[in-house]
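In case you want the letters, here they are:
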Amino acid sequence: CEQRQGKMMSTSYELISEGRKLADERGTKLYGLLLGDGIEGIAKELGGYGADGVYVCDHPLLKEYTTDAYTKVICDVVEEFKPEVLLIGATNIGRDLGPRCAARLNTGLTADCTHLDIDMDKYVNFLETSSTLDLSNTKFDMEDVNLKMTRPAFGGNIMATIVCKDHRPQMATVRPGVMQALERDEARTGEVVDFKVEFTAADMNVTIKEVVKEDKKTVDITEAKVLVSGGRGIGSADFVPVLQEAADVLGGVVTGSRPVIEAGWLDKDRQVGQTGKTVRPDLYLACGISGAIQHVAGMESSEVVISINKDDNAAIFSVSDLGVVGDVKVILPKLVEAIKKVKEEKMN
């Protein structure tokens, strides 16, 4: 469960909520694993989202993330408690941490998952066989039940479901935004277990001397309720201010598809799609976006999708609630003016 500067990341709540469903289906317990310095207070939050408990690894050397320190502690916890499944958010930290832990634990890792499920077929077959054969003295080993991990493959053209049959824990990194976080249950609490962390000089190959934050305001597009997203069809960076104006009148944030980001018209942290971020806003306004499967994978869970594209056969219309066929450079400015007019009339 990732935290930064003592603040829990939203991905942690998503993982705990999804883990709760998997644990219930599997008939086992769910524990969070929290690393940091002075973080015991925020560990209690996870119980409200479904955790039976939280292993807290509190140490000054864990205050800032380093691959060596976090890998050692996570592997120590896994060796101690031997979980069958280990989930990590596919954030910048998680994508660095997951492979290192999997290699050290000699197990597999399915990266960037968008769906998780428990494969109960073997158990169902056992029950069906038990009803016809005398297996009263035979006990089914639930450790044989596998986690089905689904992720985009071959450039997003297919969805591959992967299982790790022979090694434990079964590990997956889960893309932020694709799992729905449960509403916090204030009445639910989980136990907090302090795990003693010990380091030697050999464990630390990297020493952080200083952390310098970039002096740039970043926006977490996964938290926005309204997104105005531009694609190749907007033509150039000159149209980005129009997208921003639309976002302003709608109370939203500007995002873009991969071609827009690669052209340098928007920053990387604004990218929606398979190689960007997965979002689920209340409104997604797609402007000049063709609807490639790699982009759709990142926004198809939006509550309402409105698309503007001059190609009436554009794939984006297949996932849209409302489609407008026409030139976005003509339509969007008129839409902005119409919204402003409605707002002014309401104010008057």
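What this report covers is the structure whose coordinates are included nearby. (Residues numbered from 1 in each chain as written. Predicted model: local features only at pLDDT ≥ 70, side-chain atom pairs only at ≥ 80, totals over all residues. Heavy atoms only, no water.)

### What about the overall build of the protein?
So, point 1. Each helix and strand in the protein was counted, giving 9 helices and 16 strands.
So, point 2. Overall, the C-alpha framework of the protein stretches about 70 × 60 × 40 Å when taken along its three principal axes.
So, point 3. Of all 348 residues assigned to the protein, the portion counted as buried reaches 45%.
So, point 4. Counting only contacts in the protein whose residues sit at least 6 apart along the sequence, the fraction spanning at least 24 positions is 65%.
So, point 5. As displayed, the protein offers around 18600 Å² of accessible surface, 49% of which is attributable to carbon and sulfur atoms.
So, point 6. Positive and negative side-chain charges of the protein, numbering 41 and 55 respectively, have mean locations separated by a distance of 3 Å. (Helix = DSSP H or I, 4+ residues; strand = E, 2+ residues; numbered from the N terminus. Buried < 20%, exposed > 50% of the residue type's maximum accessible area, 1.4 Å probe, protein only. Contact = heavy atoms within 4.5 Å. Areas by Shrake-Rupley, 256 points an atom, 1.4 Å probe, with all protein chains shown as cover. Lys, Arg positive; Asp, Glu negative; His and termini not counted. Charge placed at Lys NZ, Arg CZ, Asp CG, Glu CD.)

### Digging into the environment of Leu283
So, point 1. Mapped onto the secondary structure, Leu283 falls in strand β14 (residues 283–287).
So, point 2. Look at Leu283 and you get buried, because its relative accessible area is 19%.

### Comments concerning a negative patch on the surface
So, point 1. Side chains of Asp37, Glu40, Asp58 and Asp194 sit close together on the surface and give a patch of like negative charge.
So, point 2. Under the relative-accessibility criterion, Asp194 is labelled exposed at 54%. (Patch = residues over 30% accessible without salt bridge, like charges linked within 9 Å, V, L, I, M, F, W, Y side chains within 5 Å. Salt bridge = Lys/Arg side-chain N within 4 Å of Asp/Glu carboxyl O.)

### Here's the deal with helix α3 (residues 67–81)
So, point 1. Compared with the 21 Å implied by 1.5 Å per residue over 15 residues, the 21 Å span of α3 between its first and last C-alpha is a close match.
So, point 2. Of all 15 residues that make up α3, 11 are buried, and the element is covered over most of its length.
So, point 3. Listing the buried residues of α3 in full gives Thr67, Asp68, Ala69, Tyr70, Thr71, Lys72, Val73, Ile74, Cys75, Val77 and Val78.
So, point 4. Packing partners of the buried residues in α3 comprise β1 (3–4), β3 (31–36), β4 (53–58), β5 (85–89) and α4 (92–104). (Expected span 1.5 Å × (residues − 1).)

### Topic: the nonpolar core
So, point 1. Counting residues in each nonpolar core, the largest one holds 23 residues, and the members touching the most others are Leu35, Cys57, Leu62 and Ile74.
So, point 2. Listing elements by their share of this core, those giving two or more residues are β3, β4, α3, β5 and α4.
So, point 3. In contact with Leu35, other than residues within four places in its own chain, are Gln3, Cys57, Leu62, Tyr70, Val73 and Ile74. (Core = buried A, V, L, I, M, F, W, Y, C linked by side-chain atoms within 4.5 Å.)

### Description of the sheet that holds strand β15 (residues 304–309)
So, point 1. With parallel pairing, the 5 strands of this open sheet are ordered in space as β13-β12-β14-β15-β16. Every other strand in the sheet has two partners, leaving β13 (253–256) and β16 (322–325) as the edge strands with one partner each. Within the sheet, the average angular offset between the axes of one strand and its neighbour, ignoring direction, is 20°.
So, point 2. Two elements, strand β12 (residues 226–230) and β14, share 5 bridges in a ladder whose sense is parallel. The residue of β14 that forms the bridge with Ser229 is Ala286.
So, point 3. Sheet strands in contact with helix α6 (residues 240–250) are β12, β13 and β14, and its direction is about 170° off that of β12. (Pairing = 2+ DSSP bridges. Axes fitted to C-alpha atoms, helices over the stretch in contact; angles between N-to-C directions.)

### Description of the side chain of Asp112
So, point 1. Turning to its location among the elements, Asp112 is positioned in strand β6 (residues 109–113).
So, point 2. A polar contact of 2.8 Å, which involves the side chain of Asp112, links it to the side chain of Arg175.
So, point 3. Excluding its chain neighbours within four sequence positions, the residues that come into contact with Asp112 are Ala90, Arg95, Arg151, Pro152, Thr173, Arg175 and Gln274. (Polar contact = N/O pair within 3.5 Å; in protein donor to acceptor, adjacent residues only side chain to side chain.)

### Concerning unusual backbone geometry
So, point 1. Between Arg168 and the following residue, Pro169, the backbone shows a cis peptide bond with an omega angle of 0°.
So, point 2. With respect to the helices and strands, Pro169 occurs in the loop between β9 (158–162) and β10 (170–174).
So, point 3. For Asn106, which is not glycine, the phi torsion reads 55° and is therefore positive.
So, point 4. Note on Asn106: relative accessible area 55%, which makes it exposed.

### Regarding the environment of Val253
So, point 1. Relative to the helices and strands, Val253 is located in strand β13.
So, point 2. Judged by relative accessible area, Val253 falls into the buried class, the value being 16%.
So, point 3. As a C-alpha pair, Val253 and Val228 span 25 residues in sequence and 6.1 Å in three-dimensional space.
So, point 4. Ignoring anything within four residues of it in the chain, the contact list for Val253 reads Val219, Ile221, Ala224, Val226, Leu227, Val228, Ala247 and Arg270.

### Remarks on the sheet that holds β5
So, point 1. Across the sheet, which stays open at both edges, the 3 strands sit in the order β5-β10-β6 with parallel pairing between neighbours. Edge positions in the open sheet fall to β5 and β6, since each of these has one partner strand only. Taken pair by pair, the neighbouring strands of this sheet meet at an average axis angle of 20°, ignoring direction.
So, point 2. Relative to β10, β5 is paired through 5 bridges, and the arrangement is parallel.

### Focus on a nonpolar patch on the surface
So, point 1. Together, Val206, Ile208 and Val211 make up an exposed nonpolar region whose accessible area comes to about 230 Å².
So, point 2. Take Val211: it is sitting in the loop between β11 (191–194) and β12.
So, point 3. Relative accessible area serves as the criterion here: at 44%, Val211 is assigned to the partly exposed category.

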